[in-house]
There are 2 protein chains.
Amino acid sequence: MKRQPPPADAMPSRILEMPTWLISRAYAYSHRLLGEGFASAGARGYHYRLLAALEEFGPASQAALGRRTSIDRSDVVAALNELAGRGLVQRSPDPDDRRRNIITITPAGIQELQTLDEILVGVQDELLAPLSAADRAQLVELLTRLLERDARP
Amino acid sequence: MKRQPPPADAMPSRILEMPTWLISRAYAYSHRLLGEGFASAGARGYHYRLLAALEEFGPASQAALGRRTSIDRSDVVAALNELAGRGLVQRSPDPDDRRRNIITITPAGIQELQTLDEILVGVQDELLAPLSAADRAQLVELLTRLLERDARP
DNA sequence: GATGAAACGTTGGCGACGCCAACAGTATCA
DNA sequence: TGATACTGTTGGCGTCGCCAACGTTTCATC
């Protein structure tokens, strides 16, 4: 049996089965889908994370938001500027701690969040299409376990 | 039973179990580990991919390399410049097709690849530490299936 | 053989994401 | 009180992925 010449776009097999490679490709894939979806609403990942955190836990300082969403303090500033500029979020100084700003999600912000949620459902459906419900649960479980170690100070 | 106030760094639960979020975090995690490892060898992901493709399939044109490694043509140029600058790769014009360059991995490049391979094994070990061998196989299988749809033209 | 289409390498640019250093202002703890 | 820590902000860096445009070269079709 003769070995087939690899098709022009074949990946090196050693890479093809590497978890790091697969994770990276899966991220690129999902990032692309999500980017397209969010862009249609004029948003990006950071915006969604921040709005979701505000809606779930209520008003918070920027630093707390950063910790909750795994977004760097400095990037939180920029993203909140954009959200505030669109009236999706309100910034007001904390009277009890004059270092802090208290960030509050506005009704418009809640509505935007709902829009993004719908977009996200669509993206997940497309992304996970090849997987059964059991498969998806498996994947979530495995990735969750994987990330347990990722305890950053 | 009183509801516990969320710890300051709790993620919104709606996000916490989203495959897109998990994939994104897993990527960030692995990217960080890999970045640290590769940086210690003065390399990054693109370099590894290109060297691995060259070693596995032999000399190739830049466009073919890009297709095989899922790296954009223009980014291949830059990465190859860096590799060639370090003598890990050789660029020579293809006599049969004067549009093409033929890229060849040098002995030094093969050696670098081995170094990177070792680094990568270490990173994978750390990344996958929480998972059993069966879990890892499961993960690879699920992600591979997930990516089948990602057929880009 | 001429002509239009396609591929190639290259340059330059953009956005998302993650991260770090430094600063002034404020709070807290010894 | 003085040292230490936290907050918001600015500015910067690197990786990765992607796109548009250009001149050159090859290929297909007439």
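Predicted model only: the values in this text are computed from it and were never measured.

Conventions and cut-offs
- Residues numbered from 1 in each chain as written.
- Chains lettered and ligands numbered in written order.
- Predicted model: local features only at pLDDT ≥ 70, side-chain atom pairs only at ≥ 80, totals over all residues.
- Helix = DSSP H or I, 4+ residues; strand = E, 2+ residues; numbered from the N terminus.
- Rg over C-alpha atoms; globule rule 2.2 N^0.38 Å.
- Buried ≥ 20, exposed ≤ 12 C-beta atoms within 10 Å, placed from the backbone.
- Near = placed C-beta within 6 Å.
- Nonpolar A, V, L, I, M, F, W, Y, C, P; charged D, E, K, R; others polar.
- Axes fitted to C-alpha atoms, helices over the stretch in contact; angles between N-to-C directions.
- Left-handed = near helix turned anticlockwise from the far one by under 90°.
- Contact = placed C-beta atoms within 7 Å.

A. Geometry of the overall build of chain A. Secondary structure assignment for chain A yields seven helices and two strands. If you list the helices and strands of chain A from N to C, you get α-α-α-α-α-β-β-α-α. In terms of overall size, chain A is more extended than a compact globule, its C-alpha atoms giving a radius of gyration of 20 Å where 153 residues would be expected to give roughly 15 Å. Over its C-alpha atoms, taken along the principal directions, chain A stretches across nearly 80 × 35 × 30 Å. Burial statistics for chain A: of 153 residues in total, 35% are counted as buried.

B. View of the protein's contact with DNA strand D. DNA strand D sits among 23 residues. The nearest are Q62(A), A63(A), S74(A), G45(B) and R98(B). Of the residues belonging to the surface near DNA strand D, the class tally is five nonpolar, eight polar and ten charged.

C. Representation of the packing of helix α7 (residues 133-147) of chain A against helix α2 (residues 19-39) of chain B. One way to put it is that α7(A) packs onto α2(B) with a least axis distance of 10 Å and a crossing angle of 35°. Crossing geometry of α7(A) relative to α2(B) is assigned as left-handed. Taken together, the residues of α2(B) that come into contact with α7(A) (itself represented by R136(A), L139(A), V140(A), L143(A), T144(A), L146(A) and L147(A)) are P19(B), L22(B), I23(B), R25(B), A26(B) and Y29(B). Here the contact of α7(A) with α2(B) is composed, by residue class, of ten nonpolar, one polar and two charged.

D. The arrangement of the protein's contact with DNA strand C in detail. What surrounds DNA strand C is a group of 23 residues, the closest being G45(A), R98(A), Q62(B), A63(B) and S74(B). Of the residues in the surface near DNA strand C, the class split is five nonpolar, eight polar and ten charged.

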